[in-house]
Amino acid sequence: MTRSDLVEELANRFRQLTHRDAEFAVKAILDAMNDALVRGHRIEIRGFGSFSINRRPPRMGRNPRSGESVAIPEKRVPHFKPGKALREAVDQRTAELESKTNP
């Protein structure tokens, strides 16, 4: 699902919202989540999952062409951990789909 798909879904579910309002709502939510992660905060959406920042320590890598060692600096990367309800729903739905395709 893309951002535009999300806007379309929101506009279709809530007919009182114009497409422009749905687009603004999606942008506002994503911007708020982005800002929270940039500030180092954790985002938890009950039943869906949580977003946090993971630290990747510095390490030595290798240039695949030359074989030369390269120092890779420390990074902070976003991480998503699905909630229990989401994990169970995905597991159940994929099991149902598999049973339909493999009788």
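Above this text sits the structure in question.
Below is a short write-up of the structure. Here the structure is a predicted model, which means the values were calculated and not measured.

1. What about the environment of Ala36?
Here Ala36 is to be found in helix α2 (residues 19-38). Residue Ala36 is classed as buried on the basis of its relative accessible area of 12%. Each residue touching Ala36, except ones within four places of it in the same chain, is listed here: His41 and Ile43.

2. Examining the packing of aromatic side chains
Aromatic ring pairs are reported here in terms of the distance separating the ring centres and the angle at which the planes meet. Applying the stated criterion across every chain yields a total of two aromatic pairs. Ring centres of Phe48 and Phe80 lie 5.4 Å apart, and the angle between their planes is 45°; this geometry places the pair in the tilted category. Placement of Phe48 in the loop between β1 (43-45) and β2 (49-56) and of Phe80 in strand β5 (residues 75-82) is noted, with a sequence separation of 32 residues between them. Relative to Phe80, the ring of Phe51 lies with its centre 4.8 Å away and its plane at 45°, an arrangement referred to as tilted. Within this pair, whereas Phe51 is found in strand β2, its partner Phe80 is found in strand β5, the two being separated by 29 residues in sequence. On the basis of relative accessible area, Phe51 is assigned to the buried category, the value being 19%. Within the aromatic cluster, the residues linked to one another by ring pairs are Phe48, Phe51 and Phe80.

3. Quick notes on the sheet that holds β5
Backbone hydrogen bonds hold the strands of a sheet together, and the pairing may be parallel or antiparallel. With antiparallel pairing, the three strands of this open sheet are ordered in space as β1-β2-β5. Because the sheet does not close on itself, it has two edges, and the strands there are β1 and β5. Recorded for the sheet is a direction-independent mean angle of 25° between the axes of neighbouring strands. Relative to β2, β1 runs antiparallel, the two being bridged by three bridges. In the sheet register, Ile45 faces β2, and the bridge partner there is Gly49.

Definitions and limits used
Residues numbered from 1 in each chain as written. Predicted model: local features only at pLDDT ≥ 70, side-chain atom pairs only at ≥ 80, totals over all residues. Heavy atoms only, no water. Helix = DSSP H or I, 4+ residues; strand = E, 2+ residues; numbered from the N terminus. Buried < 20%, exposed > 50% of the residue type's maximum accessible area, 1.4 Å probe, protein only. Contact = heavy atoms within 4.5 Å. Phe/Tyr/Trp six-rings, centres within 6.5 Å; stacked < 30°, edge-to-face > 60°. Pairing = 2+ DSSP bridges. Axes fitted to C-alpha atoms, helices over the stretch in contact; angles between N-to-C directions.

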